[in-house]
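Letter by letter, the chains look like this.
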Amino acid sequence: MALLTKWNLSEACGSDILKFSRKICRDDVILPTSVKQGHQLMDQMNVPHISFRKAPIMTYMEETHYLHYRPIFDAIKELLSNQEIFDNCTFEFTPLYHEGQRIYSEQYNGEWWERVQKSLPAESKILSIILYSDATTCDHLGKSSEHPIYLTLGNIISWRRNKPDA
């Protein structure tokens, strides 16, 4: 179902993938019989930290505009629950040197991280939260756009943080 959603595959293609998957999977694995049933199963899943919320923010000319959001703590929990992302996180100040020269390549190499870490109790860790926004075009003509706010963590190594799932 994740592949069907990610690649926006047709129902016919999705049905063929499900049919093939049922042939090769173990007997104890239960798969949906159709794309429609798969979507229904996904809609019934209640995973609180990945659910978005919707709040009305304004009514203009009898049309209500909504803010779709996920609480920051839930977004952080989602990032850190991904084992591959967590494995590429650093929570300690780590100075880097090249040929005796101090280099700064990540947030946790910076002087501010060192200063803050020294000011905290020994068992405390720093969680660097990065919020940013970028215009996203919603139609092919470029006339409609949104400005979502993204969240990521400065604790994630840059090459890993730049992947879409982080």
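Residues numbered from 1 in each chain as written. Predicted model: local features only at pLDDT ≥ 70, side-chain atom pairs only at ≥ 80, totals over all residues. Heavy atoms only, no water.

(A) Representation of the layout of surface pockets in the model. Taken as a whole, the largest pocket encloses approximately 970 Å³ of empty space. If you go around the largest pocket, you meet 27 residues; those closest to its centre are Phe52, Pro148, Ile149, Tyr150 and Leu151. Contributing elements (two or more residues each) for the lining of the largest pocket: strand 2 (63-69), helix 4 (72-81), strand 5 (129-133) and strand 8 (149-153). Here the lining of the largest pocket is built from residues that sort into 17 nonpolar, 4 polar and 6 charged. (1 Å grid on protein atoms, 1.4 Å probe; cavity = no way out; pocket = protein on both sides within 12 Å on 5 of 7 lines; lining within 4 Å. Points joined across faces, edges and corners; volume = space filled by probe spheres on them. Helix = DSSP H or I, 4+ residues; strand = E, 2+ residues; numbered from the N terminus. Nonpolar A, V, L, I, M, F, W, Y, C, P; charged D, E, K, R; others polar.)

(B) Local environment of the environment of Gln37. Within the element layout of this structure, Gln37 appears in helix 3 (residues 35-44). Along the primary structure Gln37 and Glu11 are separated by 26 residues, whereas in three dimensions their C-alpha atoms are 11 Å apart.

(C) Focus on unusual backbone geometry. Although it is not a glycine, Met61 adopts a positive phi angle of roughly 50°. Take Met61: it is sitting in the loop between strand 1 (53-60) and strand 2. If you check the backbone angles, Glu99 has positive phi at about 50° while not being a glycine. By the secondary structure assignment, Glu99 is in the loop between strand 3 (96-98) and strand 4 (101-103).

(D) Fine view of the side chain of Thr90. Looking at the secondary structure, you find Thr90 in the loop between helix 5 (83-87) and strand 3. What makes Thr90 buried here is its relative accessible area of 17%. Filtering out sequence-adjacent residues up to four positions away, Thr90 remains in contact with Tyr108, Trp113 and Asn155. (Buried < 20%, exposed > 50% of the residue type's maximum accessible area, 1.4 Å probe, protein only. Contact = heavy atoms within 4.5 Å.)

(E) Representation of the nonpolar core in the model. Among the nonpolar cores identified, the biggest contains 9 residues, and these are Ala75, Ile76, Leu79, Ile85, Cys89, Leu151, Leu153, Ile156 and Ala166. For this core, the elements supplying multiple residues, two or more each, are helix 4 and strand 8. Take this core: its biggest share by element is 3 residues, from helix 4. Ignoring anything within four residues of it in the chain, the contact list for Ile156 reads Ile85, Asn88, Cys89, Glu106, Arg161 and Ala166. (Core = buried A, V, L, I, M, F, W, Y, C linked by side-chain atoms within 4.5 Å.)

(F) Broad picture of the packing of aromatic side chains. Tallied over the entire structure, the rule returns 4 aromatic pairs. Measuring from ring centre to ring centre gives 6.0 Å for Phe86 and Phe91, while their planes differ by 40°; the resulting arrangement is tilted. By relative accessible area, Phe86 is classed as partly exposed at 36%. Look at Phe91 and you get partly exposed, because its relative accessible area is 22%. The interplanar angle of 80° and the centroid separation of 6.1 Å between the aromatic rings of Tyr108 and Trp113 together place this pair among those described as edge-to-face. Note on Tyr108: relative accessible area 8%, which makes it buried. Ring pairing ties together the aromatic residues Tyr108, Trp112 and Trp113, which thus form one cluster. Its end group placed over the ring of Tyr66, Lys54 keeps NZ or CZ at 4.3 Å from the ring centre. (Phe/Tyr/Trp six-rings, centres within 6.5 Å; stacked < 30°, edge-to-face > 60°. Lys NZ or Arg CZ within 6 Å of the ring centre and 35° of its normal.)

(G) Molecular detail of the pattern of salt bridges. This model, assessed by the stated rule, comprises 4 salt bridges. With a closest N to O distance of 3.4 Å, Glu84 and Arg160 form a salt bridge. Remark: Arg160 occurs in helix 7 (residues 158-161) and Glu84 occurs in helix 5; sequence separation between them is 76 residues. (Salt bridge = Lys/Arg side-chain N within 4 Å of Asp/Glu carboxyl O.)

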